[in-house]
Protein chains: 4
Amino acid sequence: MAGSTYGTIFKITTWGESHGKALGVVIDGCPAGLSLSEADIQIYLNRRKPGQSNISTPRKEDDAVEILSGVFKGVTTGTPISLIVHNTSQRSGDYGDIATYYRPGHADYTFDEKYGFRDYRGGGRSSGRETIGRVAAGAIAAKLLLQMGITVTAYTRSIGPIEADMNAFDKAAILSTPTAMPDKNASALAEDYLKQTMQELDSCGGVMECIVEGMPAGIGDPVFEKLDANLSKSIMSIGAVKAVEIGDGIMVSKSKGSENNDAFCMNNNTVSKKTNHAGGILGGMSDGSPILVRAHVKPTPSIFRSQETVNKNGEEISIQIKGRHDPIIVPRAVVVMESMVAITILDALLLNMSARTDRILEFYDRV
Amino acid sequence: MAGSTYGTIFKITTWGESHGKALGVVIDGCPAGLSLSEADIQIYLNRRKPGQSNISTPRKEDDAVEILSGVFKGVTTGTPISLIVHNTSQRSGDYGDIATYYRPGHADYTFDEKYGFRDYRGGGRSSGRETIGRVAAGAIAAKLLLQMGITVTAYTRSIGPIEADMNAFDKAAILSTPTAMPDKNASALAEDYLKQTMQELDSCGGVMECIVEGMPAGIGDPVFEKLDANLSKSIMSIGAVKAVEIGDGIMVSKSKGSENNDAFCMNNNTVSKKTNHAGGILGGMSDGSPILVRAHVKPTPSIFRSQETVNKNGEEISIQIKGRHDPIIVPRAVVVMESMVAITILDALLLNMSARTDRILEFYDRV
Amino acid sequence: MAGSTYGTIFKITTWGESHGKALGVVIDGCPAGLSLSEADIQIYLNRRKPGQSNISTPRKEDDAVEILSGVFKGVTTGTPISLIVHNTSQRSGDYGDIATYYRPGHADYTFDEKYGFRDYRGGGRSSGRETIGRVAAGAIAAKLLLQMGITVTAYTRSIGPIEADMNAFDKAAILSTPTAMPDKNASALAEDYLKQTMQELDSCGGVMECIVEGMPAGIGDPVFEKLDANLSKSIMSIGAVKAVEIGDGIMVSKSKGSENNDAFCMNNNTVSKKTNHAGGILGGMSDGSPILVRAHVKPTPSIFRSQETVNKNGEEISIQIKGRHDPIIVPRAVVVMESMVAITILDALLLNMSARTDRILEFYDRV
Amino acid sequence: MAGSTYGTIFKITTWGESHGKALGVVIDGCPAGLSLSEADIQIYLNRRKPGQSNISTPRKEDDAVEILSGVFKGVTTGTPISLIVHNTSQRSGDYGDIATYYRPGHADYTFDEKYGFRDYRGGGRSSGRETIGRVAAGAIAAKLLLQMGITVTAYTRSIGPIEADMNAFDKAAILSTPTAMPDKNASALAEDYLKQTMQELDSCGGVMECIVEGMPAGIGDPVFEKLDANLSKSIMSIGAVKAVEIGDGIMVSKSKGSENNDAFCMNNNTVSKKTNHAGGILGGMSDGSPILVRAHVKPTPSIFRSQETVNKNGEEISIQIKGRHDPIIVPRAVVVMESMVAITILDALLLNMSARTDRILEFYDRV
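The structure presented is a predicted model; accordingly, all values stated were derived computationally and were not measured. (Residues numbered from 1 in each chain as written. Chains lettered and ligands numbered in written order. Predicted model: local features only at pLDDT ≥ 70, side-chain atom pairs only at ≥ 80, totals over all residues. Heavy atoms only, no water.)

Some remarks on the pairing of strand S3 (residues 22-28) of chain A
Residues and elements named next belong to chain A.
Then step 1. Taking burial as the measure, the seven residues of S3 include seven buried ones, the bulk of the element.
Then step 2. Pairing analysis gives six bridges linking strand S2 (residues 11-16) to S3, with the strands arranged antiparallel. Across the sheet, Gly 16 pairs through a bridge with Leu 23, a residue of S3.
Then step 3. What sits between the antiparallel neighbours S2 and S3 is a turn of five residues. (Buried < 20%, exposed > 50% of the residue type's maximum accessible area, 1.4 Å probe, protein only. Helix = DSSP H or I, 4+ residues; strand = E, 2+ residues; numbered from the N terminus. Pairing = 2+ DSSP bridges.)

So, the packing of aromatic side chains
Aromatic ring pairs are defined here through the distance separating the ring centres and the angle between the ring planes.
Then step 1. Applying the stated criterion across every chain yields a total of 32 aromatic pairs over all chains.
Then step 2. Both rings, one in A:Phe111 and one in A:Tyr115, keep their centres 5.4 Å apart while their planes meet at 45°; by these two values the pair is tilted. Residue A:Phe111 and its partner A:Tyr115 are located together in helix H2 (residues 108-115), separated by four residues, close to a single helical turn.
Then step 3. Assessed through its relative accessible area of 7%, A:Phe111 is described here as buried.
Then step 4. On the basis of relative accessibility, which here comes to 4%, the residue A:Tyr115 falls in the buried class.
Then step 5. Feature note: the residues A:Tyr102, A:Tyr109 and B:Phe264 constitute an aromatic cluster, connected by ring pairs.
Then step 6. When the ring centre of D:Tyr44 is taken as reference, the NZ or CZ atom of D:Arg47 above it lies at 5.6 Å. (Phe/Tyr/Trp six-rings, centres within 6.5 Å; stacked < 30°, edge-to-face > 60°. Lys NZ or Arg CZ within 6 Å of the ring centre and 35° of its normal.)

Observations concerning the pattern of salt bridges
Then step 1. Across all of its chains, the model carries 88 salt bridges over all chains by this definition.
Then step 2. Here A:Lys21 and D:Glu66 are joined by a salt bridge, their closest N and O atoms 3.1 Å apart. Here A:Lys21 is found in the loop between S2 and S3, whereas its partner D:Glu66 is found in strand S4 (residues 65-67) on a different chain.
Then step 3. With relative accessibility at 41%, the residue A:Lys21 sits in the partly exposed group. (Salt bridge = Lys/Arg side-chain N within 4 Å of Asp/Glu carboxyl O.)

Focus: the relation of the copies chain C and chain D
In this arrangement, two copies of a chain are superimposed by a rotation about an axis accompanied by a shift along the axis.
Then step 1. The two copies are related by a screw operation: chain C maps onto chain D through 180° of rotation and 0.0 Å of translation along the axis, at an RMSD of 0.0 Å. Both chain copies can therefore be described as sitting about a two-fold axis.
Then step 2. Most of the interface of chain C is mirrored in chain D, where 100% of its interface residues again form contacts. (Least-squares fit on C-alpha atoms with pLDDT ≥ 70 in both. Contact = heavy atoms within 4.5 Å.)

Focus on the pairing of strand S3 (residues 22-28) of chain D
Residues and elements named next belong to chain D.
Then step 1. Residues Ala 22, Gly 24, Val 26 and Asp 28 of S3 are buried on one face, and the alternating residues Leu 23, Val 25 and Ile 27, pointing to the opposite face, are buried as well.
Then step 2. Pairing geometry for S3 and strand S7 (residues 81-86), over six bridges, is antiparallel. Across the sheet, the residue bridging to Val 25 is Leu 83, located in S7.

Quick word on the sheet that holds strand S1 (residues 5-6) of chain B
Residue and element names in this part refer to chain B.
Then step 1. Spatially, five strands are ordered S1-S2-S3-S7-S4 in an open sheet, and the strand pairing comes out antiparallel. Sheet topology places S1 and strand S4 (65-67) at the edges, where each strand pairs with a single neighbour.
Then step 2. Each of S4 and strand S7 (81-86) is contacted by helix H1 (residues 38-48), which is oriented at about 150° to S4, the strand it contacts most. (Axes fitted to C-alpha atoms, helices over the stretch in contact; angles between N-to-C directions.)

A closer look at the sheet that holds strand S11 (residues 241-246) of chain D
Then step 1. Taking strand neighbours across the sheet as the criterion, the 10 strands line up as S9(C)-S8(C)-S10(C)-S16(C)-S11(C)-S11(D)-S16(D)-S10(D)-S8(D)-S9(D) in an open arrangement whose pairing is antiparallel. At either margin of the open sheet sits one strand with a lone partner, and together these are strand S9 (162-163) of chain C together with strand S9 (162-163) of chain D.
Then step 2. Alignment of strand S8 (residues 151-159) of chain C against S9(C), held across two bridges, turns out to be antiparallel. Directly across from C:Ser158, in S9(C), lies its bridge partner C:Glu163.

Topic: the environment of C:Ala243
Residues and elements named next belong to chain C.
Then step 1. As for its position among the elements, Ala 243 is in strand S11 (residues 241-246).
Then step 2. Classification of Ala 243 by relative accessible area gives buried; the value is 0%.
Then step 3. Here the alpha-carbon distance between Ala 243 and Ala 172, two residues 71 residues apart in the chain, equals 27 Å.

Brief notes about a negative patch on the surface
Then step 1. A surface patch of negative charge is lined by A:Asp358, A:Glu362, A:Asp365, C:Asp358, C:Glu362 and C:Asp365.
Then step 2. Those elements that place two or more of their residues in the negative patch are helix H9 (357-363) of chain A together with helix H9 (357-363) of chain C.
Then step 3. C:Asp365 gets classed as exposed once you look at its relative accessible area, which sits at 68%. (Patch = residues over 30% accessible without salt bridge, like charges linked within 9 Å, V, L, I, M, F, W, Y side chains within 5 Å. Areas by Shrake-Rupley, 256 points an atom, 1.4 Å probe, with all protein chains shown as cover. Lys, Arg positive; Asp, Glu negative; His and termini not counted. Charge placed at Lys NZ, Arg CZ, Asp CG, Glu CD.)

Quick look at the interface of chain C and chain D
Then step 1. Taken together, the contact pairs 109 residues of chain C with 109 residues of chain D.
Then step 2. A combined buried area of about 8,600 Å² lies between chain C and chain D, and 59% of that area is made up of carbon and sulfur atoms.
Then step 3. The salt bridge involving D:Lys274 is made with C:Glu308; its shortest N-O contact spans 2.4 Å.
Then step 4. Counting the contacts that link chain C with chain D gives 51 residue pairs in polar contact (both at pLDDT 80 or more).
Then step 5. When grouped by side-chain class, the residues that make up the side of chain C that touches chain D number 44 nonpolar, 37 polar and 28 charged.
Then step 6. In this sheet, S11(D) lies alongside S11(C) in antiparallel orientation, the contact comprising three bridges. Bridging from a neighbouring strand, C:Ala243 pairs with D:Glu245 of S11(D). (Buried area = accessible area lost by both parts, 1.4 Å probe. Polar contact = N/O pair within 3.5 Å; in protein donor to acceptor, adjacent residues only side chain to side chain. Nonpolar A, V, L, I, M, F, W, Y, C, P; charged D, E, K, R; others polar.)

Notes on the interface of chain B and chain A
Often, the extent of an interface is quoted as the loss of accessible area upon association of its parts.
Then step 1. Listed by partner, the interface residues are 109 residues for chain B and 109 residues for chain A.
Then step 2. Summed over both partners, the interface of chain B with chain A buries about 8,700 Å², with 59% contributed by carbon and sulfur atoms.
Then step 3. For the interface between chain B and chain A, the tally reads six salt bridges.
Then step 4. Between A:Glu225 and B:Lys233 there is a salt bridge; the shortest N-O distance is 2.9 Å.
Then step 5. Our count for the contact surface shared by chain B and chain A stands at 51 residue pairs in polar contact (both at pLDDT 80 or more).
Then step 6. At seven residues, helix H2 (residues 108-115) of chain B tops the list of elements feeding residues into the side of chain B that touches chain A.
Then step 7. Considered class by class, the residues forming the side of chain B that touches chain A number 44 nonpolar, 37 polar and 28 charged.

Section: the packing of helix H3 (residues 131-147) of chain C against helix H8 (residues 330-351) of chain C
Residues and elements named next belong to chain C.
Then step 1. Close contact between H3 and H8 brings their axes to 7 Å; oriented N to C, the two are set at 50°. The orientation of H3 with respect to H8, classified from their angle, is oblique. H3 and H8 meet at a crossing whose hand is left-handed. On the side of H3, the interface is formed by Thr 131, Arg 134, Val 135, Ala 137, Gly 138, Ala 141, Ala 142, Leu 144 and Leu 145, while H8 contributes Val 335, Val 336, Ser 339, Met 340, Ala 342, Ile 343, Ile 345, Leu 346 and Leu 349.
Then step 2. Of the residues belonging to the contact of H3 with H8, the class tally is 14 nonpolar, three polar and one charged. (Parallel < 35°, antiparallel > 145°, perpendicular 65-115°, else oblique. Left-handed = near helix turned anticlockwise from the far one by under 90°.)

Quick look at the side chain of D:Ser69
Then step 1. Tracing the backbone through its elements, the reader meets D:Ser69 in the loop between S4 and strand S5 (71-72).
Then step 2. Of note is the side chain of D:Ser69, whose polar atom sits 3.1 Å from the backbone nitrogen of D:Ser82.
Then step 3. Those residues in contact with D:Ser69 that sit more than four places away from it in its chain are A:Trp15, A:Gly16, A:Glu17, D:Pro80, D:Ile81 and D:Ser82.

A look at helix H6 (residues 227-236) of chain C
Then step 1. Burial runs high along H6(C): 10 of the 10 residues are buried.
Then step 2. Within the sequence span of H6(C), burial applies to C:Leu227, C:Asp228, C:Ala229, C:Asn230, C:Leu231, C:Ser232, C:Lys233, C:Ser234, C:Ile235 and C:Met236.

Right, here's the structure in full:
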């Protein structure tokens, strides 16, 4: 079965394992005529690189992207864009022993059950490095969205018990703090918390959030291809995400209709909403308010404490994981979330162009 | 754009509006040789029928299903199964005035923005009646899963502040209580809460949960088609769902790796897990433990209090919604969740048959 | 596996068997705002009805179509359009004995091999009646195309040895002759030929052709989704078609480059071609010239002569087919070809709206 | 729009232009556990390399394939297989002038119309080099098919007027003759014909044929996903193919039912057919006889004679094409046809595993 392709019109296919020769992505269906350079993509990839702070693994990964096709004279041609990132820093020696047992919280056992065996080096296809292709494609989607006046911004909402203060939202901090939090104070507290967690040979979870601004109303679909349904899929497909919320999310289950309904109002002659409990999506389609999505991320499963598990011979054993691992997944996953949201939003916008007969006739000039 | 088809091998296409002539579904890709009668499907449809208790709208909907194709001599033929439910009880008169304004919390505005106009009668395609097709298809998926030893069970976990006691889980209560709670005491409390809510001309939200038992390990995919990603999409595509959780869900973000990792152990010579924080899915593939999914459902947007909104002329107005509406969506949506999960699980199982070369060769007898 | 859905944006799903309760189609992704009535569709369905001449089976099939959803106040809503045709004239008694053996040239044996058994009544899902759904959907596609200035016209090119004279092309004759030939003289000769064929208890093949006029240039795709590739699939998916040609078709293999290349020229300030050997498609994309496709159709396999075959017990037997069968498939299949071409062309046009960045920005008004 | 992905379960995505850095393919959904080396793939790629005879362009293309992912310890892992071929011999200087005008028979004009501009170097994405990805993927499909006892063999049936004598079919000759004909005598005649054609600064067309042996019965689908429909699409998607025939192909239109029907018979206790006019497919599903497909290929459009055309300024001009071009496409396209057929057949086999309930239950061991 094929599961590495995502999207209908803007369609991406990722490939590559943690310790293979390279990783990459093919973007098929990117509209022609978008100016695009490797630098546009590298900016996004750099946001997921490790080794950039003391709360991230000291592994050095260069992750330099190369455009192999689909761009001619600095402009997309409409044909598939193939992007590659060569693996350079992988030390397979670290991973030899994990071939024989199943690490708790990892996909080792499920891989063996599905495929009969696995490329155990560094998690193989289930490594966080798999997201390189997503982010490289996301950079392109985001660039096109920006030209349409749409911005996609993801950030860390909380790390363990430390929550960013959204009233002090500081967009610049997302890129400047090692936590990707939009709040420098919370970020400093979170760093302390993470250092303590590392000293305890443990890891922790967190929450990431993404906001889409400038979205026109009416994008998405009322049934299975609801915009929120596709956002959920795209975000839940990021490793370690265990819950997705739209707008008020889980709080709606404790809410009353009189509280949760957003009253419509007029704003600059445009239909608007007085509140945004809905998170910018009504009936599966964007309502013109900012789209708000949240993802809950589990703690890094690779911890340095002794753990109990079983090996391939069916024996119960104790293991001690080695290697270089982040104490938390969230700060580097934020750009992955931003990428998956950008790809999903763009695809919905492209699909929506054929929603109305009058606009089709106008497009083809035959009214 | 086309958004009413779901699934890859077991593929369903639903159609119909609240007040049209009929609603239905075409199930394409249902394996041949499954015994199937209208009664098999009717049992599921009856679980979403309104008018069955005093906490549900008094609308009477017969929702009698008819098999139009794909079944011969009581057995599926492998060709498309077309199911139809005729609309009989619809009173369009109730809905005339909503043509001119946008109900808060509903898809009226987003429909107009997407398509230019809408079938406003009873919510049109965004009505809860749209789920008839999903449930009819889900009944078939569940029947086939049962033959494979797999059960899918959804129920109401909470209604407003009233939570079912999972230590007193009573499966029979799901079908016998008007709330679909697996706990009769909690259900009685919830009924009281709902009556009070109705007296306040208000509505409330709740949580539904689904458990899949008997699932073999290794089903799903490690990247975009993760089993949890597809479950999220399928569940978030149910109207009014605003959050989806897998296993421990949102709690993982406050958890430590040492707490959240499930230790593997041996159980009857089979690899098993001592705990199930993961909710039965690791790295996007089933791990052999029960799969656990939760959905948070917003309060019914149709409330009888006066609400502020705008009309199609861009004037701010006050409205008073009429008609017959449930004070909560959850009890009737439980079977919709069960259906979407069954369809998703079955499709993943069918796709998984081609995962391994040795099993393909064995299937085609050429080892 | 699911094989009854066709198209990406304008997506149709057909269902129904020859002797089931009904047949139909769900059209998902039809743009909103197209005026549509049952009469629009019935006109197309009437062209495939039998019993309209002495060269067609005397079976009477009413084939009255009913719109069940997706149209509100005479206009498409953008949601799925469900169409149904009830079976009224089926006499299952005629088909009882074919349950036990495999008719030469039919799908009886392959159905049994794939599914383990079959609905043998009237060919079941492999009956020509399966095309009702295609034609009903094709009528809608053709109506939208016409508003874009695009016409799709299919006709009978030859019946056995009798060929229509294309220099005497008479469009009105397509609908007025029983053969669907655009040449009344040839049609009269073909009728004689068919009567003789029937007297010999035999059947014969023929050729149908389809021309698309008004097509803008640049529609289609350069690799797998070539416009000619999709036309081939759509036409070859019509039962009994055994060859598909584009433009000069098979003649190109005997041609020289200097003969086959179409010189470009200017015509009314537009790029045009002096000849059209290419049949309106270059590199998988429309070139602005008329698109020309041909299909070769095998003789009706149901003939009244004694034939040799085997039964389900593996015994070699002689059989005598009964029932009511056309001596040739082509005249009634012409409208099926026209429908499949219309659906394919429309889908390509809708997909093409997102080919260029500048047009997307213009569409969303943000240049 | 995305058009470089083909297949449902065994899904390939090709990328790359004639004069870009590299070309390649990602194969997603290849079953795990297939032993695979670069040599397995190189054998196929070598069959499409130019410069191997005096009837092929003297361009030297190394076309050495590299496996970048999806294979671990010589065995496929079930995750995407990424294959790359670096471009080494491309001389872009040859192509500078074609940027300004439209070559007859090429996709220059249609590319400009679709995308607004094009990568004109060597045909860009419409170059024959695009087929590298198809052939690399086809090699893998063919290897798996062979383990299932299924062989796919394509060859040149005719070149201009010179036809291979099928009664003297010599399989070894396909790989040893420069024409890929299974008949050395015809091949020698064809070489003479091609030399003469080249002297006349012209090119010519031809016919290629493909036979699939060992195919089980019942593979394919009765409606849109007919095996012959998908074969047609896959073959018509090869550049320069203008007609596709199944079995007797175009001859069926002149045939009688009594001639064209293949009588069933018993052969070694298996249902078989006395003749094979159907080409191994009945009702869209394989019937157990060899599958026979033919493709008619137009003459190479790049000829060295002076030709008339227009330029981008809308001026009518005369042009003289330079560069290195084969006088015929067929001999090097034969392996492309073989590849597309292998991919299509394999995908149908994998999809077919879920056709029957009893076989699914047996697969999952729960009868």
